[in-house]
Each structure stands twice: as structure tokens, then as C-alpha cells.
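Letter by letter, the chains look like this.
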Amino acid sequence: MVQVGYQVAVVVVTAGGSKLADDETVRTWRQQIRRAAEAESNWTSLTGFDHIEAGGSLPYDVQALSRDLNFSPVPFRVFVNESRA
């Protein structure tokens, strides 16, 4: 078994484009997402899951996103145990 980390993100998308993605509602949503993701009891039924950490880099290029919408990413690094041949 080898422990592997995958960079992932949950992205909140709202109308309004080109904002800083930092208002009270979006902050509350981001906090709820982070808490739910870090609650390991939500992941125990997944085979190979080890742990999850908030933060890290985004797994995509933010410059490629449409300017017509407001994107607020919540990045995570998910660690799993995988068998390797």
C-alpha cells in the first residue's frame, strides 16, 4: 500500500463576475464546506480513504474561468491508500 495525495477543490459559483468572492454568505458557505469535508466520519465508508486536509493549490488554472461568474474555490488535499503492483 502507498499513500497518495490528490489535490481537489469544491467551487462555489455565484452570479456577478470578477468579484473577490468574499462576502458574508460566501464565507459562511466556504466554512460549512470545509467543516463537512474535514469531518472524517463522512468518509469512513470509502475504501482506501486515509484523511483530508484543507488548503493547498488549486487543481486548475483560474485564468481559464469565465469572467461572467464569481468563483470561490475551497481547496483540499485528499489522502488515500492505494495498492501498487
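Okay, so let's go over this structure. (Residues numbered from 1 in each chain as written. Predicted model: local features only at pLDDT ≥ 70, side-chain atom pairs only at ≥ 80, totals over all residues. Heavy atoms only, no water.)

With that out of the way, let us pick up the overall build of the protein. Scanning the protein for helices and strands turns up 1 helix and 3 strands. Seen in sequence order, the protein has helices and strands lined up from the N terminus as β-α-β-β. Computed over its C-alpha atoms, the radius of gyration of the protein comes to 15 Å, more than 25% above the 12 Å expected for a compact globule of 85 residues. Long-range pairs, those at least 24 residues apart, make up 77% of the contacts in the protein between residues at least 6 apart in sequence. Carbon together with sulfur atoms contributes 52% to the accessible area of the protein, which is approximately 5800 Å² in total. If the 8 positive side-chain charges of the protein are averaged to one point and the 10 negative ones to another, these points end up 3 Å apart. (Helix = DSSP H or I, 4+ residues; strand = E, 2+ residues; numbered from the N terminus. Rg over C-alpha atoms; globule rule 2.2 N^0.38 Å. Contact = heavy atoms within 4.5 Å. Areas by Shrake-Rupley, 256 points an atom, 1.4 Å probe, with all protein chains shown as cover. Lys, Arg positive; Asp, Glu negative; His and termini not counted. Charge placed at Lys NZ, Arg CZ, Asp CG, Glu CD.)

Turning our attention to the sheet that holds strand E2 (residues 49–54). One open sheet holds the 3 strands; their spatial order is E1-E3-E2, and the pairing between them is antiparallel. If you trace the sheet from one side to the other, it starts and ends with strand E1 (2–15) and E2, each paired once. Ignoring which end each strand starts from, the neighbouring axes of this sheet average 25° apart. Both E1 and strand E3 (residues 69–82) contribute to a ladder of 14 bridges, which runs antiparallel. (Pairing = 2+ DSSP bridges. Axes fitted to C-alpha atoms, helices over the stretch in contact; angles between N-to-C directions.)

By themselves, these are just geometric observations and shouldn't be taken as functional.
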